Amino acid sequence: MDGHAHVPVTEDTITVFLLDDHELVRRGVRTLLECEPGIEVIGEAGSAAEGEALITALRPRVAIVDGRLPDGSGIEVCRQVRSVDRRIEVLVLTSYDDDDALFAAIMAGASGYVLKQISSGDLVTAVRRVAAGQSMLDPAVTARVLHRLRQGSDRDPLTQHLTPKEEQVLGLVAEGLTNRQIAERLGVAEKTVKNYVSTLLAKLGVESRTQAAVMAARRPASGEGRPGHRAT
């Protein structure tokens, strides 16, 4: 069942699309979200092919997608949708506590990855956070992925193009520090840090701090500012 709900009332309304092969899940999430002020569910689908077509047509602010679908992967839908319009934020909602899937979701451009055990209140918070351009990743699962990646010894060749200062900033990003906290740590202006982050994201060919943190975790643990803490 793919539905077209109400036309968004204002530009500030968070429009949401639901992609899940279980109708009861879609119905439950729709009911939850439509009780929230400022959130409107504008469509839904039960298959990857239908979901990808409708999401790219409707251009919701947030697409909530199941990680595994009968005809494909919600993560691949995320990749395709983001390649069409990066303004569409994708929140992967899955039953599977899968490190590989989380890593794939991050690199596909997903803004959030949460388990279906999440509380209703936390799901609403996740939708609002990703709509605002923030990251919403299950911290326990993310920490495991970063820990596992840190066990590798091969440095990602992409990071070799960074300057020493960019390497240092990348390490602090991987620790979960904000631009302001990094500025305080390095004794520079916050705007300077913002410029460093923008440059290193471009050099790494990624679009988010989370993706950069995953790349940082692949590096050997050495040097000042190295990623030595659990991601938050």
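Residues numbered from 1 in each chain as written. Predicted model: local features only at pLDDT ≥ 70, side-chain atom pairs only at ≥ 80, totals over all residues. Heavy atoms only, no water.

1. Description of helix H7 (residues 164-174)
- Counted residue by residue, H7 has nine buried out of eleven residues, so it is predominantly covered.
- Listed in full, the buried residues belonging to H7 are Glu166, Glu167, Gln168, Val169, Leu170, Gly171, Leu172, Val173 and Ala174.
- Looking one or two residues past H7, Gly176 carries a phi angle of roughly 95°, positive in sign. (Buried < 20%, exposed > 50% of the residue type's maximum accessible area, 1.4 Å probe, protein only. Helix = DSSP H or I, 4+ residues; strand = E, 2+ residues; numbered from the N terminus.)

2. Here's the deal with the nonpolar core
- Membership of the largest hydrophobic core comes to 27 residues, with the highest contact counts inside it found for Leu19, Ile55, Val65, Val92 and Tyr113.
- Per element, the largest residue contribution to this core is five residues, and it comes from helix H4 (residues 99-107).
- Core analysis: the second largest hydrophobic core is formed by 19 residues, Ile14, Leu18, Leu91 and Met136 among them. (Core = buried A, V, L, I, M, F, W, Y, C linked by side-chain atoms within 4.5 Å.)

3. A closer look at the packing of helix H1 (residues 23-34) against helix H5 (residues 120-131)
- Between H1 and H5, the shortest axis-to-axis distance is 11 Å and the interhelical angle comes to 70°. Considering their axes alone, H1 and H5 lie roughly perpendicular with respect to each other. On H5, the residues touching Val29, Leu32 and Leu33 of H1 are Ser120, Leu123, Val124 and Val127.
- When grouped by side-chain class, the residues that make up the contact of H1 with H5 number six nonpolar, one polar and no charged. (Axes fitted to C-alpha atoms, helices over the stretch in contact; angles between N-to-C directions. Parallel < 35°, antiparallel > 145°, perpendicular 65-115°, else oblique. Contact = heavy atoms within 4.5 Å. Nonpolar A, V, L, I, M, F, W, Y, C, P; charged D, E, K, R; others polar.)

4. Structural notes on the packing of H7 against helix H9 (residues 190-204)
- Across the interface, H7 lies against H9 with an axial gap of 10 Å and an inter-helix angle of 95°. The orientation of H7 with respect to H9, classified from their angle, is roughly perpendicular. Counting all contacts with H7, which are made through Lys165, Glu166, Val169, Leu170 and Val173, the residues of H9 involved are Tyr196, Val197, Thr199, Leu200, Lys203 and Leu204.
- A per-class count over the contact of H7 with H9 returns seven nonpolar, one polar and three charged.

5. Examining the environment of Val124
- You can see Val124 is positioned in helix H5.
- The exposure class of Val124 is buried, given its relative accessible area of 7%.
- Separated by 92 residues in sequence, Val124 and Leu32 place their C-alpha atoms 8.1 Å apart.
- Ignoring any residue separated from it by four or fewer positions in sequence, one finds Val124 in contact with Leu32, Leu33, Glu36 and Ile39.

6. Here we look at the layout of surface pockets
- Here the second largest pocket is characterised by a volume of approximately 170 Å³.
- In terms of lining, the second largest pocket is formed by Arg79, Arg82, Ser83, Arg86, Met107, Ala108, Gly109, Gly205, Val206, Glu207 and Gln211.
- Tallying contributions element by element places helix H3 (residues 74-84) first for the lining of the second largest pocket, with three residues.
- Of the residues belonging to the lining of the second largest pocket, the class tally is three nonpolar, four polar and four charged. (1 Å grid on protein atoms, 1.4 Å probe; cavity = no way out; pocket = protein on both sides within 12 Å on 5 of 7 lines; lining within 4 Å. Points joined across faces, edges and corners; volume = space filled by probe spheres on them.)

7. Examining empty space enclosed by the protein
- Summed over all chains, the structure comprises one cavity of 30 Å³ or more.
- Together, Leu18, Leu19, Asp20, Val25, Arg26, Val29, Ile64, Val65, Asp66 and Leu93 line the largest cavity.
- Within the residue set of the lining of the largest cavity, elements represented by two or more residues are strand E1 (14-19), H1 and strand E3 (62-66).
- Partitioning the lining of the largest cavity into residue classes produces seven nonpolar, no polar and three charged.

8. With respect to the pattern of salt bridges
- With the rule as written, the count across this model stands at 13 salt bridges.
- For Glu44, the salt bridge identified is with Arg26, shortest N-O distance 2.9 Å. Here Glu44, found in strand E2 (residues 39-45), pairs with Arg26, found in helix H1; they are 18 residues apart in sequence, far enough to count as distant.
- Classification of Arg26 by relative accessible area gives buried; the value is 4%. (Salt bridge = Lys/Arg side-chain N within 4 Å of Asp/Glu carboxyl O.)

9. What about the side chain of Asp66?
- Topologically, Asp66 is positioned in strand E3.
- By relative accessible area, which is 5% here, Asp66 ends up buried.
- With sequence-adjacent residues up to four places away left out, Asp66 is seen in contact with Leu19, Asp20, Asp21, Gly74, Leu93, Thr94 and Lys116.

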